[in-house]
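Working through the structure, step by step
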Amino acid sequence: MDIKTAQEFFTNTLPARFKQEKSKDIEVIVQVNLTGSNPSDWVVVIRDQKIQATQRISTEPTLTLKISESDFLDLVNDRLSVEKAFFSGKVNFKGDITVALKLKEAGFLSGC
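Residues numbered from 1 in each chain as written. Predicted model: local features only at pLDDT ≥ 70, side-chain atom pairs only at ≥ 80, totals over all residues. Heavy atoms only, no water.

1. A short note on the pattern of salt bridges
If you walk through the whole model with that rule in mind, you get five salt bridges. Linking E27 and R47 is a salt bridge whose minimum nitrogen-to-oxygen distance equals 3.7 Å. Remark: R47 occurs in strand 2 (residues 40–47) and E27 occurs in the loop between helix 1 (6–17) and strand 1 (28–35); sequence separation between them is 20 residues. R47 gets classed as partly exposed once you look at its relative accessible area, which sits at 37%. In this structure, a network of salt bridges that share partners links the residues D2, D74 and R79. (Salt bridge = Lys/Arg side-chain N within 4 Å of Asp/Glu carboxyl O. Helix = DSSP H or I, 4+ residues; strand = E, 2+ residues; numbered from the N terminus. Buried < 20%, exposed > 50% of the residue type's maximum accessible area, 1.4 Å probe, protein only.)

Spelled out as structure tokens, the structure:
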């Protein structure tokens, strides 16, 4: 079943996809800036093997991702790989790439 909106992903899908056991060594604040016809800003915090997503802007993110909402929905619906999005310039990334790779393992921006 396709995820239709960013809000649906952050409030319903992400908590269900989150792999707590893969987040043991992750402590991160991710700022996700979605652009396009329905722009929004989301902050995802992973700390103590728990995940929380809120619609807001962080003043001190560890990682920042800027991507169009349509490309973001392609990512979370597995129609676009994280690697392809990164290397094709569809996502602007700022931060530590090794932390970003750990996020993928923990279920953030990838399918189950």
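Now that the structure is up, let's keep going.
2. Topic: the packing of helix 1 against helix 2 (residues 69–76)
At a closest axis distance of 12 Å, the pairing of helix 1 and helix 2 adopts a crossing angle of 25°. The pairing of helix 1 with helix 2 is recorded here as roughly parallel in orientation. In the crossing of helix 1 with helix 2, the sense of the turn from one axis to the other is left-handed. Taking contact as the criterion, the partners of A6, F9, F10 and R17 in helix 1 are, on helix 2, E69, F72, L73 and V76. Classifying every residue of the contact of helix 1 with helix 2 by side-chain character gives six nonpolar, no polar and two charged. (Axes fitted to C-alpha atoms, helices over the stretch in contact; angles between N-to-C directions. Parallel < 35°, antiparallel > 145°, perpendicular 65-115°, else oblique. Left-handed = near helix turned anticlockwise from the far one by under 90°. Contact = heavy atoms within 4.5 Å. Nonpolar A, V, L, I, M, F, W, Y, C, P; charged D, E, K, R; others polar.)

3. Digging into a nonpolar patch on the surface
Together, F86, F87, I97 and L101 give the surface a local cluster of nonpolar side chains, amounting to about 430 Å² of exposed area. Secondary structure elements with two or more residues in the nonpolar patch: helix 3 (82–87) and helix 4 (97–105). (Patch = residues over 30% accessible without salt bridge, like charges linked within 9 Å, V, L, I, M, F, W, Y side chains within 5 Å. Areas by Shrake-Rupley, 256 points an atom, 1.4 Å probe, with all protein chains shown as cover.)

4. Quick notes on helix 1
For helix 1, which comprises twelve residues, the first-to-last C-alpha distance of 15 Å sits more than 12% below the rise-based estimate of 16 Å (1.5 Å per residue). By the burial criterion, the buried members of helix 1 are A6, F9, F10, T13, L14 and R17. Down the axis of helix 1, the smallest arc covering the buried residues is 130°, so these residues share one side. When the buried face of helix 1 is taken as reference, the exposed residues oriented beyond 90 degrees from it are N12 and A16. Turning to helix 1, the residues buried within the fold contact strand 1, strand 2, strand 3 (50–55) and helix 2. (Expected span 1.5 Å × (residues − 1). Arc of directions from axis to C-beta.)

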